[in-house]
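Descriptive analysis of the structure
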Amino acid sequence: MNPRTGFYPNWIAFQTILHREVTRFMRIWPQTLFPPVITMSLYFLIFGKFIGSQIRPIEGYVYIQYLVPGLVLMSIMNNSYANTSASFFLAKFNKSIEEMLIAPLSNLTILLGFMLGGAVRGLLVGLIVLVIGLLFTHIPLMHPLIMLFIAILSAMVFSLGGFINGIYAKRFDDISFIPTFVLTPLTYLGGVFYSTQQLPPLWRQLSWFNPIFSMVDSFRFGILGISDLPSFYGFAVVLLFFLALFAWAWYLLRKGVGIKV
Amino acid sequence: MTALSVRNLRKVYTNGTVALKGIDLDVAQGDFFALLGQNGAGKSTTIGIISSLITKTSGKISVLGHDLDLETAQVKSLLGVVPQEMNFSLFEKISDILIFQAGYYGIRRALAIERMEMYLNEMGLWHLRDQPAIQLSGGMKRRLMVARALMNQPKLLILDEPTAGVDVELRHSLWRFLTQLNEQGTTIILTTHYLEEAERLCKNVAIIDGGEIIEKANMKLLINRTSMQTLVFDLELPLFHAPKLDDYQTQLIDELTLEVQIKRGQSINELIQFLNEQNIRIASMRNKTNRLEELFLHLITENKRNKVDEP
Ligand SMILES: Nc1ncnc2c1ncn2[C@@H]1O[C@H](COP(=O)(O)OP(=O)(O)OP(=O)(O)O)[C@@H](O)[C@H]1O
Ligand SMILES: [Mg+2]
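1. Structural notes on the coordination of the magnesium ion (ligand 2)
All names here are of chain B. Protein coordination at the magnesium ion (ligand 2) comes from Ser44 (OG) and Gln84 (OE1), with a distance range of 1.9 to 2.1 Å. Remark: Gln84 occurs in the loop between strand S6 (79-82) and helix H3 (94-104) and Ser44 occurs in helix H1 (residues 43-50); sequence separation between them is 40 residues. In this structure Gln84 comes out as partly exposed when scored by relative accessible area, which is 29%.

Listed below in structure tokens is the structure:
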């Protein structure tokens, strides 16, 4: 086997892409790390402190405590998605993607590098938001493994989503369309701010079809130990989405969609 | 062994443009090869397909005996490509661009840093290593792409107009560098619109026009085929009508500039003797156009004329 095309060189190439992705979002931290800090602090302050003080506790937790897991996961999801969609689209736009296409690394390596690069940003922002949340309130950590599992897998799922969006995007606007019109509504309706127990039956049942709801719900179970749905539900959904999006992204990359003429 | 073999390569872009109509190309190992052609002839398309950036419609390519379709990674690891258009991130640090590129080839970081230093020095960019690429001038960006293409120490180096926009001094130093690289065994394929450059550097040449190869030859033999050359004389004293010289066509451009066409077999010595006899004092002499250029234009016009004649 050629020493340049086996596992080891791909391992180095993978580390390189990951390194490059992290370098990129760290270089532009005022655009990538700082805004979520501001927005989330405002959420904690306004919804948590000002409005939350007037809301009845939910299953034994005061409102701001209930809010922390949702906002942390929302930050993880948004930032993972934003990272790969922007980074991959830009790499297409300035053609630097050719640096990878010309080299002997495999498509799988490219995919893993971008995916984990986005996930790292999502998880980093999630951690920052968690720390901010802890400045406002205290929370237990009921099932840390479940929390970690959901956090990491959702980061990768949304990173993959952003990657696919980046592949299809032809213009800058195309990478904000899905976040604005699909992800944000699903997140806001996905139990970040309220328990579905508080909803009329029809809306509650509709929520169950919202995949983001099940992820938020399981994540909250990991932290607070309370959930609207059985917690395996979130596991199943996040795994399913991970596998499906991974296969889809890999397929698109192999076909050269959006990158080869 | 052939460094590059291209068989019946066709490319039809999705918008219907037929860029390559089935070209054949062979480049021997150790060759310094020029691929010449006008704008839109199909040079970059060919290079894009060889470097896996453009999908071919049909045909077969192999590099140093490895089939591009079957042993893609092998082929890629043997290739270095300097593209015609800028394709790096402007916001990345220059040193990072090179180190990352090496990483994609599976080269350890320590070795990558060593090579980065070597090639940035070679290209005169070492002092800019910590700057983002956006701060480079046009010619520097081009040299950055040359350095980048060398990071995996390719056996076959393909350069798509590497000297466009590079100043005279640096162009000469790039020529020296490429010649040296070639002497050390790297096969080089070059496209350029400076035919003087091709003539000076390359041993073999192919001319592509409208997606077809219309000429493949040894550079020296091809140039010797030029049937006509035009010499331009700058005169020391003004002349008011063109001198009559048997066998030579002369034309007075202005009172201090005389052009003389000489055919193959005619002697430049004799011409100068004639001019001497007529008391015409020569200040300097040069070729009106580079010989390869003349031949190139001739071949292209012929090809276009033949096309028109076809029913
Ligand atoms: N992405 C594309 N989509 C459609 N047609 C294209 C594309 N790229 C190139 N072409 C067409 O293919 C033909 C060959 O183009 P190519 O870029 O290979 O020419 P070239 O020989 O490199 O020219 P130049 O000297 O100007 O760089 C041209 O007619 C061009 O318009
Ligand atoms: Mg070109």
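2. Here's the deal with the sheet that holds strand S12 (residues 249-254) of chain B
Residues and elements named next belong to chain B. Ordered by their spatial adjacency, four strands build an open sheet running S12-S13-S11-S14, and the pairing between neighbours is antiparallel. On the outer flanks of this sheet lie S12 and strand S14 (282-287), each paired with one strand and no other. Adjacent strand axes in the sheet meet at a mean angle of 25° when their direction is disregarded. Both strand S11 (residues 228-235) and strand S13 (residues 257-263) contribute to a ladder of seven bridges, which runs antiparallel. Each bridged residue has a counterpart across the sheet, and for Met228 the counterpart in S13 is Lys263.

3. What about the domain arrangement of chain B?
Each domain of chain B was delimited in the assignment, giving domain 1 (2-223) and domain 2 (228-291). The C-alpha centroid of domain 2 of chain B is placed 41 Å from the C-alpha centroid of domain 1 of chain B.

4. Some thoughts on the layout of surface pockets
Residue and element names in this part refer to chain A. Taken as a whole, the largest pocket spans an internal volume of roughly 930 Å³. Residue lining of the largest pocket: 40 residues in total, with Arg24, Thr32, Ala82, Ala86 and Arg121 positioned closest to the centre. Contributions of two or more residues to the lining of the largest pocket are made by helix H1 (7-27), helix H2 (29-32), helix H3 (34-51), helix H4 (63-93), helix H6 (107-136) and helix H8 (174-188). In terms of residues, the lining of the largest pocket owes the most to one element, H4, which gives twelve residues. Looking at the lining of the largest pocket residue by residue, the class counts come to 21 nonpolar, 13 polar and six charged.

5. A closer look at the sheet that holds strand S4 (residues 58-63) of chain B
Taken in spatial order, the four strands make up an open sheet running S2-S1-S4-S5 (chain B), and their pairing is antiparallel. In this open sheet, the two edge strands, each paired with only one partner strand, are strand S2 (18-28) and strand S5 (66-67) of chain B.

6. Digging into H1(A)
The periodicity of an α-helix, 3.6 residues per turn, causes residues three or four positions apart to be oriented the same way. Under the 1.5 Å per step criterion, the end-to-end length of H1(A) is 30 Å for 21 residues, consistent within 8% with the ideal 30 Å. Along H1(A), the residues classified as buried are Pro9(A), Asn10(A), Ile12(A), Ala13(A), Phe14(A), Thr16(A), Ile17(A), Arg20(A), Glu21(A), Arg24(A) and Phe25(A). Contact partners of the buried residues in H1(A): H2, H4, helix H5 (97-101) and H6 of chain A together with H3 of chain B.

7. Some remarks on the confidence of the model for chain B
When pLDDT is averaged along chain B, the result is 92; 99% of the residues meet or exceed 70. At the level of chain-chain contacts, confidence expressed as ipTM amounts to 0.93, with global pTM at 0.90.

8. Brief notes about unusual backbone geometry
Residues other than glycine seldom take positive phi values, yet Lys95(A) does so here, at roughly 65°. Assignment of secondary structure puts Lys95(A) in the loop between H4 and H5. The backbone of Ser52(B) sits at a positive phi, close to 65°, despite the residue not being glycine. Locating Ser52(B) in the fold gives a position in the loop between H1 and S4. For Ser52(B), a relative accessible area of 9% translates into the label buried.

9. Overview of the site of ligand 1
Residues and elements named next belong to chain B. Of all residues adjacent to ligand 1, which total 15 residues, the nearest are Asn39, Gly40, Lys43, Ser44 and Thr45. In the environment of ligand 1, a nitrogen atom lies 3.4 Å from a nitrogen or oxygen atom belonging to the side chain of Tyr13. Within the side chain of Ser44, a nitrogen or oxygen atom sits 2.7 Å from an oxygen atom of ligand 1. For ligand 1, whose unbound accessible area comes to 630 Å², protein coverage reaches 69%. For the shell around ligand 1, the element with the most residues is H1, which contributes three residues. Across the shell around ligand 1, the residue classes tally to three nonpolar, ten polar and two charged.

The rules behind the values
Residues numbered from 1 in each chain as written. Chains lettered and ligands numbered in written order. Predicted model: local features only at pLDDT ≥ 70, side-chain atom pairs only at ≥ 80, totals over all residues. Heavy atoms only, no water. Donors = N, O, S within 2.8 Å, 3.2 Å for Na, K, Ca; no water. Helix = DSSP H or I, 4+ residues; strand = E, 2+ residues; numbered from the N terminus. Buried < 20%, exposed > 50% of the residue type's maximum accessible area, 1.4 Å probe, protein only. Pairing = 2+ DSSP bridges. Axes fitted to C-alpha atoms, helices over the stretch in contact; angles between N-to-C directions. Domains from an automatic or database assignment. 1 Å grid on protein atoms, 1.4 Å probe; cavity = no way out; pocket = protein on both sides within 12 Å on 5 of 7 lines; lining within 4 Å. Points joined across faces, edges and corners; volume = space filled by probe spheres on them. Nonpolar A, V, L, I, M, F, W, Y, C, P; charged D, E, K, R; others polar. Expected span 1.5 Å × (residues − 1). Contact = heavy atoms within 4.5 Å. pLDDT = per-residue confidence, 0-100. Near = heavy atom within 4 Å. Polar contact = N/O pair within 3.5 Å; in protein donor to acceptor, adjacent residues only side chain to side chain. Areas by Shrake-Rupley, 256 points an atom, 1.4 Å probe, with all protein chains shown as cover.

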